[in-house]
Amino acid sequence: MDDSINNSLHLYGMREALKQAQQAFDNDEVPVGAVILKDQQIIAKAYNQVETLKDPTAHAEMIAITQATHHLQSKWLPACTMYVTVEPCSMCAGALVLARIQKVVWGCDDPKTGACVSVLNIIHNNMLNHQVEILKGVLSEDASYLMSAFFHQKRLNTKMDRS
């Protein structure tokens, strides 16, 4: 696949992930969205639902992985790419390795909990049985803006509650 097709596909995947992140934002969830593509088709899409489901594992990546494995009826996702708005945490990075996903593409880094390059590097650990390809920074400004706006709103609401 040539670079122009890859670039278009990466933009498409990330725009779809951003739509999912907006749904999370609208539901008062941390705005992270994820989609999984196989053969240039979306086979899974999800957004964070930790607060809604009262489940600390209900991250967009985890839900999308579950959807994709059900769709393919396989525990592994070797020819799949995940597009996620924010660098995955340790739980999600571990799940990407266990699912043997081929590639993860994300928007903005997570300097506090990112487990692909920022804080830890689970997906490239040579002690594990699989390493995941990465591409970072796709539509990073859009992903970063959504996160900043969400937490800015949360801080304003907290100040108003204290008044």
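Relevant structure appears above.
Residues numbered from 1 in each chain as written. Predicted model: local features only at pLDDT ≥ 70, side-chain atom pairs only at ≥ 80, totals over all residues. Heavy atoms only, no water.

**Things to note about the packing of aromatic side chains**
So the rule is basically this: Aromatic rings from Phe, Tyr and Trp, with only the six-membered ring used for Trp, were paired whenever their centres fell within 6.5 Å, and each pair was classed as stacked if the ring planes differed by under 30 degrees, edge-to-face if by over 60, and tilted otherwise. Ring-over charges, as used throughout, are those where CZ of Arg or NZ of Lys falls within 6 Å of the ring centre and within 35 degrees of the ring normal.
Per the counting criterion, the structure on display carries 2 aromatic pairs. Centre to centre, the rings of Phe 150 and Phe 151 are 5.1 Å apart; their planes meet at 85°, and the pair counts as edge-to-face. Three or more aromatic residues link up through ring pairs in this structure, and these residues are Phe 25, Phe 150 and Phe 151. Directly above the aromatic system of Trp 76 lies the positively charged group of Arg 100, at a separation of 3.8 Å from the ring centroid.

**Let's talk about the nonpolar core**
Test applied: Definition of nonpolar core: a set of buried residues of the types Ala, Val, Leu, Ile, Met, Phe, Trp, Tyr and Cys, connected through side-chain atoms within 4.5 Å. Partly exposed residues are those whose accessible area sits between 20% and 50% of the maximum for their type, while under 20% is buried and over 50% is exposed, using a 1.4 Å probe and protein chains only. Runs of E in the DSSP output that reach at least two residues are strands. Runs of H or I that reach at least four are helices, and both are numbered from the N terminus. Throughout, a contact is declared for two residues whenever any of their heavy atoms are within 4.5 Å.
Core analysis: the largest hydrophobic core is formed by 43 residues, its most contacted members being Ile 36 and Met 82. Looking at this core, the elements with two or more residues in it are α1 (3–26), β1 (33–38), β2 (41–47), α3 (60–72), β3 (80–86), α4 (90–98), β4 (103–108) and α5 (140–162). With residues up to four places along the chain from it excluded, the contact list for Met 82 reads Ala 34, Val 35, Ile 36, Glu 61, Ala 64, Ile 65, Leu 96, Ile 101, Lys 103, Val 104 and Val 105.

**Section: the sheet that holds strand β5 (residues 133–136)**
Test applied: Note on pairing: DSSP must find at least two bridges between two strands before they are called paired. Helix axes are fitted to C-alpha atoms over the stretch in contact, other axes to C-alpha atoms as well, and angles between N-to-C directions run from 0 to 180 degrees.
Ordered by their spatial adjacency, 5 strands build an open sheet running β2-β1-β3-β4-β5, and the pairing between neighbours is mixed. The sheet is open, and its two edges are formed by β2 and β5, each paired on a single side. Here the strands of the sheet are splayed against their neighbours by 15° on average, with no regard to which way each runs. Here 5 bridges tie β1 to β3, and the two strands are oriented antiparallel to one another. Its bridge partner being in β3, Ala 34 is matched across the sheet by Val 84. Where α3 meets the sheet, it contacts β1, β2 and β3, and its direction lies at approximately 145° from that of β2.

**Observations concerning the packing of α3 against α4**
Put simply, the rule reads: Note on terminology: angles under 35 degrees are roughly parallel, angles over 145 are roughly antiparallel, angles of 65 to 115 are roughly perpendicular, and the others are oblique. Two helices crossing with the near one rotated counterclockwise from the far one by less than a right angle form a left-handed crossing, whereas a clockwise rotation gives a right-handed crossing. Three classes are used, and their members are as follows: Ala, Val, Leu, Ile, Met, Phe, Trp, Tyr, Cys and Pro are nonpolar, Asp, Glu, Lys and Arg are charged, and the others, Gly among them, are polar.
Viewed as axis vectors pointing N to C, α3 and α4 meet at an angle of 25°, and their least axial separation amounts to 9 Å. By the angle between their directions, the pair α3 and α4 is classed as roughly parallel. In this structure, α3 crosses over α4, and the sense of that crossing is left-handed. Contacts between α3 and α4 involve Glu 61, Met 62 and Ile 65 from the former and Met 91, Cys 92, Ala 95 and Leu 96 from the latter. Its residues placed into classes, the contact of α3 with α4 shows 6 nonpolar, no polar and 1 charged.

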